[in-house]
Amino acid sequence: MLSKSAFLCMFSLLSVAPAFADPTLDQAVQSPGRSTAFVSRDVVRHPVEELTFFGLKPDANVVEIWPFGGYWTQILAPYLHDHGTYTVALGPFDLKKQTISQFQSEHPEVYGRIKTTQFDSQHLDFAPANSVDLVLTFRNMHNWMKAGNAPEMLAAIHRALKPGGILGIEDHRGNTTAPQDPQAKDGYVRQAYAIDLIQKAGFKLVGTSEINANPKDTANWPKGVWTLPPTYALGAKDHAKYEAIGEGDNFVLKFQKIKD
C-alpha cells in the first residue's frame, strides 16, 4: 500500500493553487466581530485560501451544511450579506446547540439575512432542485458515514446544486495503509474513499488542495481525531504531545455537478 506521504505527493499533481482573494473576503475574515477562539484557529484552517479555492463569489447562492459552532458562519454571513444568499442547512448537532439563532438574535445587522433549513436523512430536500451555486461542508462526511446515510446526503446535495455547481468539502484524512472503516468511527476518512463515494453521487473531482495538510497526524490515536486539538479528548494526558502535533490532517476537495 502507498504510504501517507506518497499518497499526498500523488494527489499534489491535481492540487490547484487558490486564486487571489477579493478584498471583501479578506475583510470578512479580519472582522473584529468574529470570535477570538475562531480567529486563533485561522492559522490552521486558512479560511481565505480555502474559500477562494472553492470559488466563493459575493453574489453566489451558498448553502453551508451543518455549521455547528459557526466558524464559517461568522465569515460567510457578512461576506454574502449584500449581494448573495447564505443558507445554513442545520443538522442534529446544530438544532441542539442553536448557535445560528443566537447569532441572529444578538447581531441581526450581520446575521439577520441568514436563511435556515434542516438537512438530515428525514429532511433531504433542503433546497429546491438545481438552485444552489455552491454547497460547502466542513468535517461532516465522517458523521454521515457513521450514520450510514452518506450516499443519501450526497445525492441530496447533488440534486440541490445547479448543473455545473460546486461542492466544497473538507474532512479528516485517514491513513492510506489502513482499511477504511465504513462508519469512520475514529473521525477519519481516506481521501480516495471520499472521492469514490462522492463521484458515485454524480460529481466530478475538479481540484484538491493541501492547505490543511498536517503530516504529523498519523490518523492513529486513542480517541480518534478528537485526541488532537482543539478537542483534546484525553484531557491533560499527553496534552503537550498532542498540542505539538496540532489539528488533524485534512483533505480539501472541490467537486462539480456533472451537467445533464
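Attention here is on the structure that accompanies the text. (Residues numbered from 1 in each chain as written. Predicted model: local features only at pLDDT ≥ 70, side-chain atom pairs only at ≥ 80, totals over all residues. Heavy atoms only, no water.)

## Here's the deal with the layout of surface pockets
The volume enclosed by the largest pocket comes to roughly 920 Å³. Lining the largest pocket are 38 residues; nearest its centre among them are Phe68, Arg139, Asn140, His142 and Asn143. The set of elements that each furnish at least two residues to the lining of the largest pocket consists of helix H7 (92–97) and helix H10 (141–147). The leading source of residues in the lining of the largest pocket is H10, at five residues. For the lining of the largest pocket, a count of residues per class yields 18 nonpolar, 10 polar and 10 charged. Of the volumes computed, that of the second largest pocket is approximately 290 Å³. Lining the second largest pocket are 16 residues, with Ala28, Ser31, Pro78, Tyr79 and Val110 positioned closest to its centre. Put simply, the parts of the chain that give the lining of the second largest pocket at least two residues each are helix H2 (23–29), helix H6 (73–80) and helix H9 (108–111). (1 Å grid on protein atoms, 1.4 Å probe; cavity = no way out; pocket = protein on both sides within 12 Å on 5 of 7 lines; lining within 4 Å. Points joined across faces, edges and corners; volume = space filled by probe spheres on them. Helix = DSSP H or I, 4+ residues; strand = E, 2+ residues; numbered from the N terminus. Nonpolar A, V, L, I, M, F, W, Y, C, P; charged D, E, K, R; others polar.)

## Considerations on the sheet that holds strand E5 (residues 161–172)
Here seven strands make up an open sheet; going across it, the order is E3-E2-E1-E4-E5-E7-E6 and the pairing mixed. In this open sheet, the two strands that pair with only one neighbour each are strand E3 (115–118) and strand E6 (203–209). Strand-to-strand twist across the sheet, computed as the mean angle between neighbouring axes with direction ignored, equals 20°. By the bridge criterion, five bridges tie strand E1 (residues 61–65) to strand E2 (residues 85–90) in an arrangement that is parallel. When the sheet's bridge partners are listed, Asn61 is paired in E2 with Thr85. Along the sheet face, helix H5 (residues 47–54) touches strand E4 (132–138), E5, E6 and strand E7 (250–257) and points at about 25° away from the line of E7. (Pairing = 2+ DSSP bridges. Axes fitted to C-alpha atoms, helices over the stretch in contact; angles between N-to-C directions. Contact = heavy atoms within 4.5 Å.)

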